[in-house]
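One letter stands for each residue in the lines below.
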Amino acid sequence: MSQPADQPSEGVEAFRARILDKLKYATGKDITSACPHDWFEATALAARDHIIDRWEDAALQIDRSEEKRVYYLSLEFLIGRLLVDNLSNLGLLDTARAALHDLGVDFEEIRELEPDAALGNGGLGRLAACFMESMATLGVAAHGYGIRYEHGLFRQVLIDGWQHEHTETWLEFGNPWEFERSEVSYTVGFGGSVMSTGDNGNSRQVWLPNDTVRAIAYDTPIIGWRRHSVNTLRLWRSRAERYLQLERFNAGDHLGAVAEAVKADSISRVLYPADVTEAGQELRLRQEYFFVSASLQDLLGRHLSHYPLERLPDMVAIQLNDTHPAIAVAELMRLLVDEHDVEWAEAWRLTVATLSYTNHTLLPEALESWPVSLMERLLPRHMQIIYLINAEHIDALRARDIHDFGLLRAVSLIEEDQGRRVRMGNLAFLGSHSINGVSALHTDLMRQTVFRELHGLYPERINNKTNGVTFRRWLYQANPALTGLLVERLGESVLDAPEQRLRDLEAWAEKSGFRKQFMAMRQGNKAALARLVKEWLGINLDTRAIFDVQVKRIHEYKRQLLNLLHCVALYQAIRNDPTVDWVPRVKIFAGKAAASYYQAKLIIKLANDIARTINNDPTLRGQLKVVFLPNYNVSLAEIIIPAADLSEQISTAGMEASGTSNMKFALNAALTIGTLDGANVEMSEQIGREHMFIFGMTADEVNLRRHAGELDMSGLIAGSERLREALEAIRGGVFSPDEPHRYAALIQGLQHQDTFMVCADFDAYWAAQLQVEEYWRQPDRWWRSAILNCARAGWFSSDRTIREYAADIWKVSPSLPPEQG
Ligand SMILES: *Cc1c(COP(=O)(O)O)cnc(C)c1O
């Protein structure tokens, strides 16, 4: 696209006039009557005008150029706010700020009024959002497909330290970024029966659903850096075919008349917590099929308006983000065979060549499977198709002289052991030409564990695509102070090609003047976070202390408990030895627990109990503070991460598929304390192990210990006084005097059944934390490492990840070379 890269497309005066125009004609207000939210809306709509112009250009261009299209199917898109992201990618951020200033409006105030689009749980959903932005930046013609949840992830409220879930109402005041496309809608069926028609040998199957809903499209434009390209995120909302059954209503049954509508609406009502074990709800399966069917109907229609079906794999690549859209394998087969009369074998060839699948977890309890009985009732035709795929698959193996019963059982689509269930991971694997993991270690483990047998049969399918994050949001937007420093020293070009240019920072790491500037930048970010903590929690933080941060979903494998044990041990050490000159520390936690995950909620309560006790103990003289910030989301992450000195990435080795916040922290120049897990391994290779604090058991060691059944830590605890005393304090009610036994069972578990190796890694963790303090006492050393972390984080850009997907899986060439701009 031809527009010169860095000229703002509109001057301050014109933009101001545009805002006033929106204020008047879109919100119906004038300067005197406008409230701050009206200003937010008018500004967003003014920005949107610019996006729409580019959107149409981009669509035309893609049609003309006959580019292959990428479709990213994801049940989650954790987008966050869009105002600053969009203005910044449009090159209009300063313009908007100045225009509003002229109007007497504070930009910083109105940006805070935008609700977070929290249509995701955590890393998986945020990855989808980063990918959408990178695809637009690189000029990959892509559509994201998902669900427009009326209520995204719950809002976390802490009452007396316990998590409560409140409904998120992000759409309450409308959403200026989306366009309802009432004319784009599809019917999605459920239930009913399958009829065989036609004569012998030439029969066809006709599915007669007894329950249908409509999927209505809502489009959000996604604009790339420097307005390069604009893609579409299309989210589906469910609606009843008939809103009101008038005859029932007139007969006096006012509730019954809308019952069908209420049921249909419920499909796009709420986002399920992904990490709840046993998401066995029928509604979840309905959601998955609903968005997959609408998306496939939509993309097939688009394809067929230009090309014949046999060219599907040449013109279309469909990426399945985890197994949530895995039913796409059966649905694409159904559409091709039943609706478009494609012969079965040809349909299978087209399906496998078009689909690819990203695996995100090895945790057995998180691998999706659906009871056969539920599938038969809800999706009878799909169940037939799955049986047929399975039979052909097993036949093909027998034809290859594979008869090992154990092997055949392992690769079957049907799990026979615990009631008959359909294994969605195996379905996604068989129906895809590419199966990727999200870090080198995770991909390796995938080959050895979940897909061991399938990998043996299809050794060319599994490949690795290490995750990345978009630097536009996680550096330019989240950390303007650091971005300013980079531009000042490295020039504007660092913004267009950070993967290459950030390296030039290495030389600056050696200059003490620059290190001081860098420290001052961090100090400013810490002060901003301290203000927020003061405002929200009333706690004063010393910004000279180490800001030691663990923010992410609360999960046993992520080991917030290990960090909490360190808090307690440190607390006891400081109390026991007040004369020692301790390095002051602030421990910062944030994260949500799945509503039904009791243990995770108890960990949140423990963090809050420990925080209260420590923060109110005068003998500590401020040397240690602990804070738990409520309602972790993208916007909070954007404030916390740039203020972190130390990034906690301490999952049990082998259990975190990749992690992406580890990358965000390194990019923002925090030092990592972490295990050799997920992408931490590749971070240690890129950044240098000497600039991180790596500790603990490796994935192999964890595995050996598990297999040996060595999960009772009593002996180990007896040998570690520090660990023993920390556990005792928690067990004995030091932090829960109101209910002394609150944590007895939790501690009992750590002692006798330490599945996540919390005790087993404690001493190594403590030692690594001592090393952190030693480093911190040598500012030249610390800040040199910090700068090198940022300088060497370039590889973790999601632009790099997307280029790899494009080249290896999708076979599309991004229309823009990375350095353009
Ligand atoms: C990046 C991000 C995550 C993922 O964090 P991990 O530490 O990789 O699990 C989760 N939630 C939000 C809001 C994020 O921005």
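Values in this document were obtained by computation on a predicted structure and should not be read as measured data.

Trainee: Help me understand the pattern of salt bridges in this model?
Mentor: If charged atoms from side chains of opposite charge come close, those side chains can pair. Going through the model one piece at a time under the given rule, you end up with 67 salt bridges. Measuring nitrogen to oxygen at the nearest pair gives 3.3 Å for the salt bridge that ties Arg-302 to Asp-298. One end of the pair is Arg-302 and the other is Asp-298, both in helix H9 (residues 282-304) and four residues apart, which spans about a single turn. Each member of the pair, Arg-302 as well as Asp-298, is classed as buried. Between Lys-558 and Glu-656 there is a salt bridge, with its nearest N and O atoms 2.9 Å apart. With Lys-558 in the loop between strand E19 (546-551) and helix H25 (560-576) and Glu-656 in the loop between strand E22 (646-649) and helix H28 (661-667), the pair connects residues that are 98 residues apart, well separated along the chain. The residues Lys-558 and Glu-656 share a single accessibility class, namely buried. Within the structure, one salt-bridge network assembled from shared partners comprises Asp-160, Lys-605, Asp-609, Arg-612, Asp-738, Glu-739 and Arg-742.

Trainee: So what exactly am I meant to see when it comes to the environment of Thr-167 here?
Mentor: Here Thr-167 is to be found in the loop between strand E6 (162-166) and strand E7 (179-190). C-alpha separation for the pair Thr-167 and Ala-530, spaced 363 residues apart in sequence, amounts to 28 Å. If we ignore the near neighbours within four places in the chain, the residues touching Thr-167 are His-151 and Arg-155.

Trainee: Is there a simple way to explain the nonpolar core in this structure?
Mentor: If you look at soluble globular proteins, the nonpolar side chains tend to sit buried side by side. If you look at the biggest cluster of nonpolar residues, it comprises 281 residues, and the most contacted ones within it are Met-135, Trp-236, Phe-290, Ile-386 and Trp-810. Looking at this core, the element that brings in the most residues is H25, giving eleven residues.

Trainee: Can you walk me through the packing of H25 against helix H34 (residues 758-776) in this structure?
Mentor: At their nearest, the axes of H25 and H34 sit 10 Å apart, and the two run at 60 degrees to each other. One way to sum up the angle between H25 and H34 is to call them oblique. H34 is crossed by H25, and the crossing has right-handed handedness. Residue-level contacts link Leu-561, Leu-562, Asn-563, Leu-565, His-566, Ala-569, Leu-570 and Ala-573 of H25 to Val-758, Phe-762, Tyr-765, Trp-766, Gln-769 and Glu-773 of H34. Across the contact of H25 with H34, the residue classes break down as ten nonpolar, three polar and one charged.

Trainee: Is there a simple way to explain the packing of aromatic side chains in this structure?
Mentor: How two aromatic rings sit relative to each other is given by the distance of their centres and the angle of their planes. For the coordinates displayed, the defined rule picks out 25 aromatic pairs. These aromatic residues form a ring-pair network of at least three members: Trp-508, Phe-514, Phe-518, Phe-693, Tyr-775, Trp-776, Trp-782 and Trp-783. Note that Lys-526 overlies the ring of Phe-547, its terminal NZ or CZ placed 4.8 Å from the centroid.

Trainee: Is there a simple way to explain the site of the ligand in this structure?
Mentor: Surrounding the ligand, one finds Gly-122, Gly-123, Trp-474, Lys-552, Lys-558, Tyr-632, Asn-633, Val-634, Gly-659, Thr-660, Ser-661 and Lys-664. Thr-660 places a main-chain nitrogen or oxygen 2.8 Å from an oxygen atom of the ligand. Ser-661 is positioned with one of its side-chain polar atoms (N or O) 2.5 Å from an oxygen atom of the ligand. Look at the ligand: alone it shows 390 Å² of surface, and the protein chains cover 96% of it.

Trainee: Just checking my understanding: could you explain the confidence of the model for the protein for this structure?
Mentor: Detailed reading of the predicted coordinates is not advisable wherever pLDDT is low. Residue-level pLDDT values for the protein average 94, and 97% of them are 70 or greater. The low-confidence segment residues 1-6, where pLDDT is below 50, has twelve contacts with residues more than four positions distant or belonging to other chains.

Trainee: Help me understand the UniProt feature "modified residue: N6-(pyridoxal phosphate)lysine" (unreviewed entry) in the protein, please; the structure alone is not making it clear to me.
Mentor: What UniProt calls "modified residue: N6-(pyridoxal phosphate)lysine" (unreviewed entry) maps, in this numbering, to Lys-664. Among the structural elements, Lys-664 can be located in helix H28. By relative accessible area, which is 7% here, Lys-664 ends up buried. Residues in contact with Lys-664, not counting those within four places in the same chain, are Arg-126, Val-469, Trp-474 and Ile-641.

Trainee: I keep staring at the environment of Leu-388 and nothing clicks. Help me out?
Mentor: Relative to the helices and strands, Leu-388 is located in helix H14 (residues 380-399). Considering only alpha carbons, one finds Leu-388 and Gly-256, 132 residues apart in sequence, at a separation of 40 Å.

Trainee: When you look at the sheet that holds strand E21 (residues 624-629) in this model, what are you seeing that I'm missing?
Mentor: Strands pair in a sheet through their backbones, by hydrogen bonds, and they do so in one of two ways: parallel or antiparallel. Spatially, E21-E20-E19-E22-E23-E24 is the arrangement adopted by the six strands of the open sheet, whose pairing is parallel. Two strands bound the open sheet, and with one partner strand each, they are E21 and strand E24 (693-694). Taken strand by strand, helix H24 (residues 512-537) contacts E19, strand E20 (585-590) and E21, and its axis lies near 70 degrees from that of E21.

Trainee: Looking at this structure, I do not really get the sheet that holds strand E15 (residues 414-415). What am I missing?
Mentor: Here we have three strands laid out as an open sheet, ordered E14-E16-E15, and antiparallel in their pairing. Every interior strand has two partners, whereas the edge strands, strand E14 (369-371) and E15, have only one. With two bridges joining them, E15 and strand E16 (residues 421-423) adopt antiparallel strand pairing. Across the sheet, Glu-415 pairs through a bridge with Arg-421, a residue of E16.

Trainee: How do you make sense of unusual backbone geometry when you look at a structure like this?
Mentor: Backbone phi values are negative for most residues with the exception of glycine, while trans is the configuration of most peptide bonds. We note that Asp-341 has phi near 55 degrees; this positive angle belongs to a residue other than glycine. The topology assignment puts Asp-341 in the loop between helix H11 (328-339) and helix H12 (344-354). Unusually for a residue other than glycine, Asp-401 sits at a positive phi of about 70 degrees. With respect to the secondary-structure elements, Asp-401 resides in the loop between H14 and helix H15 (405-411).

What counts, and at which threshold
- Residues numbered from 1 in each chain as written.
- Predicted model: local features only at pLDDT ≥ 70, side-chain atom pairs only at ≥ 80, totals over all residues.
- Heavy atoms only, no water.
- Salt bridge = Lys/Arg side-chain N within 4 Å of Asp/Glu carboxyl O.
- Helix = DSSP H or I, 4+ residues; strand = E, 2+ residues; numbered from the N terminus.
- Buried < 20%, exposed > 50% of the residue type's maximum accessible area, 1.4 Å probe, protein only.
- Contact = heavy atoms within 4.5 Å.
- Core = buried A, V, L, I, M, F, W, Y, C linked by side-chain atoms within 4.5 Å.
- Axes fitted to C-alpha atoms, helices over the stretch in contact; angles between N-to-C directions.
- Parallel < 35°, antiparallel > 145°, perpendicular 65-115°, else oblique.
- Left-handed = near helix turned anticlockwise from the far one by under 90°.
- Nonpolar A, V, L, I, M, F, W, Y, C, P; charged D, E, K, R; others polar.
- Phe/Tyr/Trp six-rings, centres within 6.5 Å; stacked < 30°, edge-to-face > 60°.
- Lys NZ or Arg CZ within 6 Å of the ring centre and 35° of its normal.
- Near = heavy atom within 4 Å.
- Polar contact = N/O pair within 3.5 Å; in protein donor to acceptor, adjacent residues only side chain to side chain.
- Areas by Shrake-Rupley, 256 points an atom, 1.4 Å probe, with all protein chains shown as cover.
- pLDDT = per-residue confidence, 0-100.
- UniProt positions renumbered as here; feature names shortened; annotations may be inferred.
- Pairing = 2+ DSSP bridges.

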